[in-house]
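Examining the three-dimensional arrangement
Residue-level listing of the chains:
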Amino acid sequence: MATLTTRRLLLREMTADDLDDMAALLGDPEVMRYYPRSLTRSETLGWIEWNRRLYRDRGFGLWIMSARDGGEFVGDCGLTMQRVDGVEEIEIGYHVRADLQGRGFASEAALACRDYARDVVRAKRLIAIINPENLPSQRVAEKIGLALEKRTTDWGAGMREQVIYAGSL
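Report on the accompanying structure. (Residues numbered from 1 in each chain as written. Predicted model: local features only at pLDDT ≥ 70, side-chain atom pairs only at ≥ 80, totals over all residues. Heavy atoms only, no water.)

1. What to know about the overall build of the protein
Note the cut-off: Strands are runs of DSSP state E lasting at least two residues, helices are runs of H or I lasting at least four, and both sets are numbered from the N terminus onward. For this measure, only C-alpha atoms enter the radius of gyration; the expected value for a globule follows 2.2 Å times N^0.38, where N is the number of residues. A simple rule labels every residue: compare its accessible area, found with a 1.4 Å probe on the protein chains alone, to the largest value its type can have, and call it buried under 20%, exposed over 50%, or partly exposed in between. Note on definitions: a residue-residue contact is assigned when non-hydrogen atoms from the two residues lie within 4.5 Å. Charge assignment: positive for Lys and Arg, negative for Asp and Glu; neither His nor the chain ends contribute. To locate a charge, take NZ of a lysine, CZ of an arginine, CG of an aspartate or CD of a glutamate.
Helix and strand counts for the protein come out as 4 helices and 8 strands. Sequence-ordered secondary structure for the protein, helices as α and strands as β, is β-β-α-α-β-β-β-α-β-α-β-β. Computed over C-alpha atoms, the radius of gyration of the protein comes to 15 Å, within 12% of the 15 Å expected from 2.2 N^0.38 for 169 residues, which places it in the range of a compact globule. If you line up the protein on its principal axes, its C-alpha atoms span 40 × 35 × 30 Å. When each of the 169 residues of the protein is scored for burial, the buried share is 51%. Put simply, of all contacts in the protein between residues at least 6 apart along the chain, 60% involve residues at least 24 apart. With 24 positive and 26 negative side-chain charges, the protein shows a separation of 4 Å between the mean positions of the two kinds.

So, in structure tokens, the structure goes:
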């Protein structure tokens, strides 16, 4: 089980026991405002299962973010495989509870995940797929060394135009 630590956070693999926290996170319209829609509890269970497969098959996925001091659930952050414009890429992604946004948790976790991608996965490149209106997420991508590379609509069912931030590791 991969575990990453930062100054304030612990990142660990998701389990079925995280369903309540993850369903609240991915079902929150404020957290999911830049997505086509929030996820249902059943879809969130599928999200957890998808990440469990990624851990097994790839050695990474999105991890649960919790506060090191007290264990409070913060959100998720990690690495996934995405196909963009016909190319399979390693993407960094993050969701933070609405009431905890703006405190630097996404940037802190994303830096640790970027380093994991470079040092453990031995990735040479990392991307972030971001809604063009999601300026906070774009700032997180920039803080970890990614830069705007292109715009695309060739990603995921039901997704609008996205901006792709990318960088070499």
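2. Some thoughts on the environment of Ala110
Structurally, Ala110 is set in helix 3 (residues 105-119). For Ala110, a relative accessible area of 0% gives the class buried. C-alpha of Ala110 to C-alpha of Thr5: the two residues are 105 residues apart in sequence and 11 Å apart in space. Beyond its immediate sequence surroundings of up to four residues, Ala110 is in contact with Cys77, Ile92, Tyr94, Val140 and Ile144.

3. Remarks on the nonpolar core
Stated precisely, the cut-off is as follows: For the purposes of this section, nonpolar cores are sets of buried Ala, Val, Leu, Ile, Met, Phe, Trp, Tyr and Cys residues that join through side-chain atoms within 4.5 Å.
In this structure, Leu11, Met22, Leu79, Ile92 and Tyr94 are the most contacted members of the largest nonpolar core, which totals 49 residues. When residues of this core are assigned to their parent elements, the largest contribution, 8 residues, is made by helix 3. What Ile92 contacts, discounting residues up to four positions off in sequence, is Gly78, Leu79, Ala110, Cys113, Arg114, Leu126, Ile127, Ala128, Ile144 and Leu146.

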